[in-house]
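Chain residues, written in single-letter form:
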Amino acid sequence: MSGLLVIRPGALTTVQDRGRPGHAHLGVPRSGALDTAAHALANRLLGNPAGAAALETTLDGVALRALAPTTVAVTGAPCSVRVSGRPVAWGAPVRLASGAELEVGRAESGLRSYVAVRGGLAVAPVLGSRSTDLLSGLGPPVLTAGTVLPVGSAGPVPAVGADACGLPGAPSELLLPLRLGPRADWFTAGSVAGLWRAVFRVSAMSNRIGLRTEAGSPLVRARAGELPSEGMVLGAVQVPPDGLPVVFLADHPVTGGYPVVGVVPPGPSLDAAAQARPGTAVRFTRG
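What you are looking at is a predicted structure, and each value in this text was computed from that prediction instead of being measured.

**Student:** Mind showing me how you'd approach the packing of aromatic side chains here?
**Tutor:** Pairs of aromatic rings are described using the distance from one ring centre to the other and the angle between the two planes. Overall, the coordinates contain 1 aromatic pair when judged by the stated rule. Seen from their ring centres, Phe200 and Phe284 are 6.0 Å apart, and the 75 degrees between their planes marks the pair as edge-to-face. Of the two residues, Phe200 is situated in strand S13 (residues 200-202) and Phe284 in strand S20 (residues 281-286); the sequence distance between them amounts to 84 residues. Its relative accessible area of 0% is what places Phe200 among the buried residues.

Following this line, the structure appears as structure tokens:
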């Protein structure tokens, strides 16, 4: 029997691919891997298509047992990787014999590691994606001990080394380029001008839905009242009544009623946000 048996699920480990964009009109979030570059690299190391499903761990890793010979790779947050107690490479293909146990340890920096398997995880797709969506509940459930993860057939491209060390590490300070709008006029001019000088911190309340901030200088409303709910996109920076920005990540709701001061475009900055631990300084720059 092929597959991976979950021995230790970790604090929060989910199956993620590149998500299910294009379904916002149905109320379905995009979802998908938060650190898109790390996810793609894990697959590239193994000769998988870039969108193959892999595991996304949170802070304390995961432990798996191979039910048949296979090859895996771990990227994202640097961490110890062991096979049946023996140290092996992070950021490189690692061969697992049948019955071998893979132990992905606690993140040494950053927050999320990615564990890919040659052939990809073959859990059942929902709306074209195998991603776990924490907000809507679509996709496979969060990993629990005893779960068996099916593995797909390997493609023709061989598993090879790649540029793992070329990826940026976890940010000591998170710099987010911000394109103002559509609701920047809901805040005072002085408050918006001060946004470029303010230093926020990543809140421990952050999750796959959004990166919440704390401290910093709250934005001040220029008008009273509330907006009717309107569409939200990946990277939207919504400002709740406390004035502290929330950056929407992959599992964000598709609508919201708090004003959006601007949008962080998808790319390296949102990948870095996926690895920013609570307490990390956050600055917005003109995007």
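**Student:** Can you walk me through the environment of Ala42 in this structure?
**Tutor:** With respect to the helices, strands and loops of the structure, Ala42 is situated in helix H1 (residues 36-46). Separated by 41 residues in sequence, Ala42 and Val83 have C-alpha atoms that sit 17 Å apart. Residues contacting Ala42, with those up to four places away along its chain left out, are Ala73, Thr75, Tyr114 and Ala116.

**Student:** Explanation requested: the sheet that holds strand S4 (residues 62-66) in the structure shown.
**Tutor:** Strands pair in a sheet through their backbones, by hydrogen bonds, and they do so in one of two ways: parallel or antiparallel. Reading across from one edge, S7-S6-S9-S4-S1-S11 is the order of the 6 strands in this open sheet, with antiparallel pairing throughout. On the outer flanks of this sheet lie strand S7 (86-87) and strand S11 (148-149), each paired with one strand and no other. Relative to S11, strand S1 (residues 4-8) runs antiparallel, the two being bridged by 2 bridges. Following the sheet pairing, Leu5 is matched in S11 by Val148.

**Student:** Sorry, what's going on with H1 here?
**Tutor:** It helps to recall that an α-helix has 3.6 residues per turn; residues three or four apart then point in one direction. Burial in H1 covers these residues: Ala38, His39, Leu41, Ala42, Asn43, Leu45 and Leu46. Elements in contact with the buried residues of H1: strand S2 (14-16), strand S3 (54-56), strand S5 (70-76) and strand S10 (113-117). Positive phi appears at Gly47, one or two residues downstream of H1, with a value of about 75 degrees.

**Student:** How should the sheet that holds S20 be read in this particular structure?
**Tutor:** Ordered in space as S12-S19-S16-S17-S14-S13-S20, the 7 strands form a closed barrel in which the pairing is mixed. For this sheet, the mean angle separating the axes of adjacent strands, direction not counted, is 40 degrees. Summarising the sheet, S13 and strand S14 (residues 210-214) pair through 2 bridges and their orientation is antiparallel. By the bridge assignment, Arg201 is partnered in S14 with Glu214.

**Student:** It is not clear to me how the pattern of salt bridges should be interpreted in this structure. Could you clarify?
**Tutor:** Working definition: two side chains of opposite charge can pair if their charged atoms are close together. Applying the stated criterion across every chain, the model contains 11 salt bridges. Among the ionic pairs, Glu230 bridges to Arg183, the shortest N-O distance being 2.8 Å. In this pair, Glu230 sits in strand S15 (residues 230-231) while Arg183 sits in the loop between strand S12 (173-180) and helix H2 (189-195), placing the two residues 47 residues apart along the sequence. Between Arg221 and Glu226 there is a salt bridge, with the nearest N and O atoms lying 3.5 Å from each other.

**Student:** For this particular structure, what's the right way to read unusual backbone geometry?
**Tutor:** The general pattern is negative phi for most residues beyond glycine and trans for most peptide bonds. Look at the link from Gly181 to Pro182: it is a cis peptide, with omega at 10 degrees. Looking at where Pro182 falls in the secondary structure, it is placed in the loop between S12 and H2. The phi angle at Leu59 is positive, at roughly 75 degrees, despite the residue not being glycine. Although it is not a glycine, Ala215 sits at a positive phi angle of roughly 60 degrees. Position of Ala215 among the secondary structure elements: in the loop between S14 and S15.

Conventions adopted
- Residues numbered from 1 in each chain as written.
- Predicted model: local features only at pLDDT ≥ 70, side-chain atom pairs only at ≥ 80, totals over all residues.
- Heavy atoms only, no water.
- Phe/Tyr/Trp six-rings, centres within 6.5 Å; stacked < 30°, edge-to-face > 60°.
- Helix = DSSP H or I, 4+ residues; strand = E, 2+ residues; numbered from the N terminus.
- Buried < 20%, exposed > 50% of the residue type's maximum accessible area, 1.4 Å probe, protein only.
- Contact = heavy atoms within 4.5 Å.
- Pairing = 2+ DSSP bridges.
- Axes fitted to C-alpha atoms, helices over the stretch in contact; angles between N-to-C directions.
- Salt bridge = Lys/Arg side-chain N within 4 Å of Asp/Glu carboxyl O.

Function-wise, these values are silent; they only describe arrangement.
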